[in-house]
Amino acid sequence: MSLSFLTPEFIVLRDRERCNNCGLCIKLCSFQAHYYGEKQQRVVSDDKKCVNCQYCVVKCPKNALIVKKHPLEFRQHDYWNDTSIKDIYKQAETGGVLLTGMGNDKKFPIYWDKMVLNASQVTNPSIDPLREPMELKTFLGKKPSRLEVDNKGNLISHMPPQLELEIPVMFGGMSFGSISYNAFKALATAAKEAGTYFNTGEGGLHRDFYDFADNTIVQVASGRFGVNQEYLDHSAAVEIKIGQGAKPGIGGHLPGEKVGEEVSKTRMIPIGSDAISPAPHHDIYSIEDLRQLIYAIKETTDYKKPVLVKIAAVHNVAAIASGIARAGADIIVIDGFRAGTGAAPTRIRDNVGIPIELAIAAVDDRLKDEGIRNQVSIVASGGIRNSSDVIKAIALGADAVSIATAALVAMGCHMCQKCYTGKCNWGITTQNPELVKRLDPDEAARRLINLLRAWSIEIKEMLGGMGINAIESLKGNRLMLRGIGLSEVELKILGISHAGE
Amino acid sequence: MIKTIDAYGLYYKDLNNMIKKYYEKGIQEFRLKRVSGQRYIGSGIHGKPNIVIEGTPGNDLAAFSDGVNITVKGNAQDAVGNTMNDGNLIIHGHAGDTVGYSMRGGKIYIKSYAGYRVGIHLKQYQDKIPVIIIGGRAGDFLGEYMAGGIIIVLGLDVAADEELVGSYCGTGMHGGVMYIRGNVAPYKLGKEVKSDTLSESDMKVLKKHLSDYCNVMGLDFKKVVSKTFTKLYAYNKRPYGKLYAY
Ligand code: SF4
Ligand code: SF4
């Protein structure tokens, strides 16, 4: 093979004073960056192989390791930067499509960080959530246009099926296959414990998890992997995945190497075969067709379960969302361009789709303008990092959010973006049994529950500060938001005033 | 006992609800008269009833179903057997597009022709091997993304100048097999598809399914099987394996 022009991205610094040559790091690194140098007679590292996942750094008993960005730089050029040059080398060497994991890492504006929240002063007292009741409970699903009661006060209107959340945060779709059995188990356990939902992604549902059915949203995507009556029966709701924020408009495929025995059982495909998901659902070429699938699912589940439709946030998201509402979906999930994934073509991840903040506002406005906002709930996802992102999403008009990347980070993900290699040292996005073992599902579930607990306290604090005692009252309440450093167009789309106004 | 339901003018939701309710009460045999476009017949039934449909059932016949047996005395519309897991669907007429989309098990027999994208993403798993047999011709994109199972096209009622399959046959195919009664011009095939003659074991499989089909449809098995078939299968189980840089 000819010489590669690629130089290491990271440098592994080993403190020779501290390193006692125990060789643990050699065993730990699935990228095989550490080895025993016969010549040097000690453990050394191959910088080129390191992906900076920091697993060895955290695990080294002597704290002897540090990983840093490699100091080697190309001559300064603001246009032809490091990444653009190296990407060309990679493609010139292989002729292949660039692949990556996790979400868009480019310098696009982060609107969350350009919006600030209100707080009560004098005229409207703030509420102390530690002493006073504060409601985070959220119901997702179609709400009737009006409520009718009989003369004894009993509800006579038919209430469509609802999802009941203790905290307006769910776990987004991640398949068993893209994530490990233990990671999947941790999400299921945490969802049950915290009174929220996790989502199977497109990978089917392993029978081991049937006990979690009441907290499971099962996905029906274009490949229909693992989808049958039994699967639909073991769920609280069914999500039709049209698109995802990390790779709008394209299908996906799980390479055969990741289809081991358990994944094979769950997806119901032979061991070692590629699981290819076509880009569109080939039974959906229009809103009318979408309606057909929504009602096929409703018929199959006796109209007892809400049907979610998940789309990526793209240019015409508001019009599309209106179509989805009219097609009969109970919940629309909008996935912004920062959304993560186990594997996506880099160019698509980084260049397709729009920020979730703008999409929420646009969709909420459109549905309200058309008088159909009550017909669907809106779930926003794609890069929600913390409780203030959650609260801003709801103030912009979402009913709830989904988190996936944040959930993986809670379990130990260090954002090396190498999920697509299947070698995740943290045992999250891998099917290698040795690596999967590293993630203790109970410990990971505990960390997830902690995260949700911490966020719910913070959300209550912020709500109380605004003088609001129920999350429901914040929904679409954009008066609680002000923009900072945003243009008039941006403010108009977000439907908020500038700070100081 | 056979329960006869006159479906004329019934909304699909009410019709399907009726079938489910009667089935729960123990009725196994149904005869649906004057069916005119009602969708999802046979979906969401936990069991294996026998349903005879007179008329034209609507889209998504037996979608997601898991063992229902349906005989249609007439034509069917789009997405027959969508994501079906098990069961038998017999259509004594023609069927529309995307027959057997992502089907994982069971059989769909169509007497006459079928539309586009028949058998798209057909799968198979362990002892589940779905089978689609089309008596007439099939439209474009037959067996697209096919990952398993068997598709048989017989071309029994086609004119001499008509082709048995449309264009892009087997595009993205990475598993399963198609048997076509006659030749398929190479330009009709997706680039992932290889065409070959049938081996002895292929013939065994083919004959087994054809004898059942001929039996059900009332056809002369000997005549049907006498013509030379072409076998279509995937070059590669991993058609997109070499697409990526690292
Ligand atoms: S890839 Fe991870 S485990 Fe391997 S050397 Fe780099 S930081 Fe350490
Ligand atoms: S899940 Fe694993 S492979 Fe993916 S970014 Fe996180 S640490 Fe890296």
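*Asks:* I'm lost on the overall build of chain A in this one. Help?
*Replies:* The number of helices and strands found in chain A is 15 helices and 21 strands. For 501 residues, the compact-globule estimate of 2.2 N^0.38 gives 23 Å, and the C-alpha radius of gyration of chain A, at 24 Å, lies within 12% of that figure. Overall, the C-alpha framework of chain A stretches about 90 × 55 × 45 Å when taken along its three principal axes. In chain A, once contacts between residues fewer than 6 apart in sequence are set aside, the share between residues at least 24 apart is 68%. In the structure as shown, chain A presents an accessible area of about 22,000 Å², 52% of it carried by carbon and sulfur atoms.

*Asks:* I keep staring at the overall build of chain B and nothing clicks. Help me out?
*Replies:* Scanning chain B from terminus to terminus reveals three helices and eleven strands. Listed by position from the N terminus, the elements making up chain B come as β-α-β-β-β-β-β-β-β-β-β-α-α-β. Here chain B has a C-alpha radius of gyration of 18 Å; the compact-globule value for 246 residues is 18 Å, and the two agree. A principal-axis box enclosing the C-alpha atoms of chain B has dimensions of 55 × 50 × 30 Å. Here chain B holds 246 residues, and the buried ones make up 55% of them. Partitioning the intrachain contacts of chain B with sequence separation of at least 6 by distance along the chain shows that 43% fall at a separation of at least 24. By element, 49% of the accessible surface of chain B is carried by carbon and sulfur atoms, the whole surface being about 10,200 Å². Once the 32 positive and 23 negative side-chain charges of chain B are each reduced to a mean point, those two points are 3 Å apart.

*Asks:* I would appreciate a short explanation of the site of ligand 1 in the present structure.
*Replies:* Residues in close proximity to ligand 1 include A:C29, A:F31, A:A33, A:H34, A:C50, A:V51, A:N52, A:C53, A:Q54, A:C56, A:V67 and A:N425, which together make up its full environment. Looking at the shell around ligand 1 residue by residue, the class counts come to eight nonpolar, four polar and no charged.

*Asks:* Would you take a moment to explain helix α11 (residues 387-396) of chain A for this structure?
*Replies:* An α-helical turn contains 3.6 residues, so a residue and the one three or four places further along point in the same direction. Residue and element names in this part refer to chain A. With respect to burial, α11 is a largely interior element, nine of its ten residues being buried. Looking only at α11, the buried set comprises S387, D389, V390, I391, K392, A393, I394, A395 and L396. With its phi angle positive at about 135 degrees, G397 sits one or two positions after the end of α11.

*Asks:* Help me understand the sheet that holds strand β2 (residues 29-36) of chain B in this model?
*Replies:* The pairing of strands in a sheet happens through backbone hydrogen bonds and is either parallel or antiparallel. Residue and element names in this part refer to chain B. If you trace the eleven strands from one edge of the open sheet to the other, you get β1-β2-β3-β4-β5-β6-β7-β8-β9-β11-β10, paired in mixed fashion. Two strands in the sheet have a free side with no partner beyond their single neighbour: β1 (2-6) and β10 (193-196). Strand-to-strand, the axes of this sheet are offset by a mean angle of 15 degrees, without reference to chain direction. Bridge count for strand β6 (residues 107-110) against strand β7 (residues 131-134) is four bridges, and the pairing is parallel. When the sheet's bridge partners are listed, I108 is paired in β7 with I132. The strands touched by helix α2 (residues 200-217) within the sheet are β5 (86-91), β6, β7, β8 (147-153), β9 (175-181) and β11 (229-234), with β6 carrying the most contacts at an inclination of about 60 degrees.

*Asks:* What's the story with the environment of A:S286 in this structure? I'm lost.
*Replies:* Residue and element names in this part refer to chain A. Structurally, S286 is set in the loop between β14 (275-277) and α7 (287-300). Considered as a pair, S286 and A327 are 41 residues apart in the sequence and their alpha carbons are 9.9 Å apart. One polar contact links the side chain of S286 to the main-chain amide nitrogen of D289, over a distance of 3.0 Å.

*Asks:* Hey, could you run me through unusual backbone geometry in this one?
*Replies:* Most peptide bonds take the trans form, and the phi angle of most residues other than glycine is negative. Phi at A:N52 takes a positive value of approximately 60 degrees, unusual for a residue other than glycine. Here A:N52 lies in the loop between β3 (42-45) and α2 (55-59). For B:H121, which is not glycine, the phi torsion reads 60 degrees and is therefore positive. Note on placement: B:H121 falls in the loop between β6 and β7.

*Asks:* Sorry if this is basic, but what is going on with the domain arrangement of chain A here?
*Replies:* Residues and elements named next belong to chain A. When cut into domains, chain A gives domain 1 (10-96) and domain 2 (167-461). Distance from the C-alpha centre of domain 1 to the C-alpha centre of domain 2: 33 Å. Taken together, the contact between domain 1 and domain 2 spans twelve residues of the former and ten residues of the latter. Together, the buried faces of domain 1 and domain 2 total about 1,100 Å²; carbon and sulfur atoms form 58% of this surface. Our count for the contact surface shared by domain 1 and domain 2 stands at one salt bridge. With its nearest N and O atoms 3.0 Å apart, the salt bridge here joins R347 to D87. At the junction of domain 1 with domain 2, the criterion picks out five residue pairs in polar contact (both at pLDDT 80 or more). Among the elements of the structure, α1 (24-28) and α2 are those that each provide at least two residues to the side of domain 1 that touches domain 2. The class makeup of the residues in the side of domain 1 that touches domain 2 is seven nonpolar, three polar and two charged.

*Asks:* How should the packing of aromatic side chains be read in this particular structure?
*Replies:* The description of an aromatic ring pair rests on the distance of the ring centres and on the angle between the ring planes. In the structure shown here, the tally under the stated rule is 15 aromatic pairs over all chains. Both rings, one in A:Y55 and one in A:W426, keep their centres 4.7 Å apart while their planes meet at 90 degrees; by these two values the pair is edge-to-face. Here A:Y55, found in helix α2, pairs with A:W426, found in the loop between α12 (405-411) and α13 (433-436); they are 371 residues apart in sequence, far enough to count as distant. You'll find A:Y55 and A:W426 in the same group, each marked buried. Look at B:Y11 and B:Y12: their rings are 4.8 Å apart centre to centre, the planes differ by 40 degrees, and that puts the pair in the tilted class. Cluster of aromatic residues (ring-pair linked, three or more members): A:F176, A:Y181, A:F184, A:F198, A:F209 and A:F212. The side chain of A:K192 reaches across the aromatic face of A:F212, ending 5.4 Å from its centre.

*Asks:* Before we go on, may I ask you to explain the domain arrangement of chain B in this structure?
*Replies:* Residue and element names in this part refer to chain B. As far as domains go, chain B holds domain 1 (1-89) and domain 2 (94-239). For domain 1 versus domain 2, the separation of C-alpha centres amounts to 25 Å. In total, about 1,200 Å² of surface goes out of reach between domain 1 and domain 2, with carbon and sulfur atoms giving 38% of it. Our count for the domain 1 to domain 2 interface comes out at one salt bridge. We note a salt bridge from K128 to D86, for which the minimum N-O separation is 4.0 Å. Across the contact surface, domain 1 and domain 2 share 14 residue pairs in polar contact (both at pLDDT 80 or more). Here the residues of the side of domain 1 that touches domain 2 sort into five nonpolar, eight polar and two charged.

*Asks:* What is the right way to look at a nonpolar patch on the surface in this model?
*Replies:* On the surface, A:L147, A:V149, A:L155 and A:M159 cluster together to form a nonpolar patch covering roughly 400 Å² of accessible area. When you line up the elements, A:L155 lands in the loop between β7 (138-140) and β8 (163-165).

So, how was this worked out
Residues numbered from 1 in each chain as written. Chains lettered and ligands numbered in written order. Predicted model: local features only at pLDDT ≥ 70, side-chain atom pairs only at ≥ 80, totals over all residues. Heavy atoms only, no water. Helix = DSSP H or I, 4+ residues; strand = E, 2+ residues; numbered from the N terminus. Rg over C-alpha atoms; globule rule 2.2 N^0.38 Å. Contact = heavy atoms within 4.5 Å. Areas by Shrake-Rupley, 256 points an atom, 1.4 Å probe, with all protein chains shown as cover. Buried < 20%, exposed > 50% of the residue type's maximum accessible area, 1.4 Å probe, protein only. Lys, Arg positive; Asp, Glu negative; His and termini not counted. Charge placed at Lys NZ, Arg CZ, Asp CG, Glu CD. Near = heavy atom within 4 Å. Nonpolar A, V, L, I, M, F, W, Y, C, P; charged D, E, K, R; others polar. Pairing = 2+ DSSP bridges. Axes fitted to C-alpha atoms, helices over the stretch in contact; angles between N-to-C directions. Polar contact = N/O pair within 3.5 Å; in protein donor to acceptor, adjacent residues only side chain to side chain. Domains from an automatic or database assignment. Buried area = accessible area lost by both parts, 1.4 Å probe. Salt bridge = Lys/Arg side-chain N within 4 Å of Asp/Glu carboxyl O. Phe/Tyr/Trp six-rings, centres within 6.5 Å; stacked < 30°, edge-to-face > 60°. Lys NZ or Arg CZ within 6 Å of the ring centre and 35° of its normal. Patch = residues over 30% accessible without salt bridge, like charges linked within 9 Å, V, L, I, M, F, W, Y side chains within 5 Å.

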